[in-house]
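Letter by letter, the chains look like this.
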Amino acid sequence: MTATAPAAEATVRKSSPGAARGPRRRTGRFRRLGLPYLLLLPALLLELLVHLVPMVIGIVMSFKELTQFYIRDWSTAPWAGLGNYSVSVDFDAPVGQALLHSFLVTVAFTVLSVGLCWLIGTAAAVFMQDTFRGRGLLRALFLVPYALPVYAAVITWVFMFQHDNGLVNHVLHDQLGLTDKPSFWLIGDNSFVALLTVSVWKGWPFAFLIVMAGLQNIPRELYEAAALDGAGMVQQLRRITLPSLRPVNQVLVLVLFLWTFNDFNTPYVLFGKSAPEAADLISVHIYQASFVTWNFGTGSAMSVLLLLFLLVVTGVYLALTSRGRRTAQ
């Protein structure tokens, strides 16, 4: 009896479900809580390597007198403190005046480009909601500018904007007679119009794609009920389409703003290293201040100022849109 009692007790303890569930519960909890972070770890490491580390190095460079004499070992460059920042924001000096002019040009370019991209993309998406023959083909054609590589698309526009044998002057001057003589599109004041044209042509298909996806979530019953109540197309657009697209448009406008304000490829391929004064975007201006004049300290300070400006604008925009969303609810 006494020999079989401990064995029976051990058997009961082994068969007890609570003793086995303890480690299993801890393992299951660890998997539920730790697995998402473990899956995010590679992306976090790549983000640190690709974005955050260069950003920190750029901020450090902005406090140094980094010129061509210290390119071999930039860490040995003397500290400048806030000197690079004071030079950049001194609007009475040539460097500050040039940066301010570039900033104002970039603001005007961004506002016009984002507004036109959103307007054309929304109009095309609303038009594409109706079913008609050839709609699929037309949708595919609308997305061609967005699908093309940037360099290939912009170089094509460079040939089209040529003064002597470009397609734009051939149509406007030779065929339509709208101008007295062929215009220079890649230099002078017309360069801003050329840059804006290429930017809108390249950017509006993205707005079209996002708005078209947002329109799929609007129930068709709302339009049918509005039509029965006598609402026309304009009233349906104002009362149903635009309010329903508000969350989509909030994200779309922010993304277009950030992309357009930081756009470097389009003006660089269109004009080269030295953009005309009328199309001197801040991205190309910072490139010139860094890699043309070899003053990387001042260029880094300008980049940090641009980053701070975009962070402030993004924060204010998100605060205003979230407040408007709470008020609407």
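Residues numbered from 1 in each chain as written. Predicted model: local features only at pLDDT ≥ 70, side-chain atom pairs only at ≥ 80, totals over all residues. Heavy atoms only, no water.

Draft legend 1. The overall build of the protein, seen in detail. A tally of helices and strands in the protein yields 15 helices and zero strands. Across the 329 residues in the protein, those meeting the buried criterion constitute 32%. Long-range contacts, defined as pairs at least 24 residues apart, comprise 65% of the intrachain contacts of the protein with a sequence gap of at least 6. (Helix = DSSP H or I, 4+ residues; strand = E, 2+ residues; numbered from the N terminus. Buried < 20%, exposed > 50% of the residue type's maximum accessible area, 1.4 Å probe, protein only. Contact = heavy atoms within 4.5 Å.)

Draft legend 2. A look at the nonpolar core. Core analysis: the biggest nonpolar cluster contains 41 residues, and Phe-161, Leu-195, Phe-208, Leu-256 and Leu-270 have the highest contact counts within it. Elements with a contribution of two residues or more to this core: helix 4 (94–127), helix 7 (150–160), helix 9 (190–215), helix 10 (220–228), helix 12 (246–261) and helix 13 (265–271). The biggest single contributor to this core is helix 9, with 13 residues. In terms of nonpolar packing, the next biggest core, distinct from the first, is built from nine residues, Phe-261, Ile-286, Met-302 and Leu-306 among them. (Core = buried A, V, L, I, M, F, W, Y, C linked by side-chain atoms within 4.5 Å.)

Draft legend 3. Representation of the layout of surface pockets within the structure. In this model, the largest pocket occupies a volume close to 670 Å³. Along its surface, the largest pocket is lined by 22 residues, and Pro-54, Met-55, Ser-303, Val-304 and Leu-307 are the ones closest to its centre. Of all the elements in the fold, those that place two or more residues in the lining of the largest pocket are helix 2 (17–61), helix 14 (282–292) and helix 15 (296–328). Its residues placed into classes, the lining of the largest pocket shows 14 nonpolar, eight polar and no charged. (1 Å grid on protein atoms, 1.4 Å probe; cavity = no way out; pocket = protein on both sides within 12 Å on 5 of 7 lines; lining within 4 Å. Points joined across faces, edges and corners; volume = space filled by probe spheres on them. Nonpolar A, V, L, I, M, F, W, Y, C, P; charged D, E, K, R; others polar.)

Draft legend 4. Broad picture of the packing of aromatic side chains. All chains considered together, the criterion is met by 20 aromatic pairs. Each member of the aromatic cluster is reached from another via a ring pair, and the members are Phe-264, Tyr-268, Tyr-287, Phe-291, Trp-294 and Phe-296. In this arrangement the basic side chain of Lys-64 is found over the ring face of Trp-79, its NZ or CZ atom lying 4.3 Å from the centre. (Phe/Tyr/Trp six-rings, centres within 6.5 Å; stacked < 30°, edge-to-face > 60°. Lys NZ or Arg CZ within 6 Å of the ring centre and 35° of its normal.)

Draft legend 5. Representation of the environment of Val-111 within the structure. Within the fold, Val-111 resides in helix 4. Looking at Val-111, the relative accessible area reads 58%, which means it is exposed.

Draft legend 6. Just unusual backbone geometry, in detail. Unusually for a residue other than glycine, Trp-294 sits at a positive phi of about 60°. Looking at the element boundaries, Trp-294 is found in the loop between helix 14 and helix 15. For Trp-294, a relative accessible area of 41% puts it in the partly exposed group.

Draft legend 7. How the structure looks around the side chain of Thr-110. Relative to the helices and strands, Thr-110 resides in helix 4. Exposure remark for Thr-110: the relative accessible area of 2% places this residue in the buried category. Among the polar contacts listed, one links the side chain of Thr-110 to the backbone oxygen of Thr-106, at a separation of 2.7 Å. Residues contacting Thr-110, with those up to four places away along its chain left out, are Phe-257, Thr-260 and Phe-261. (Polar contact = N/O pair within 3.5 Å; in protein donor to acceptor, adjacent residues only side chain to side chain.)

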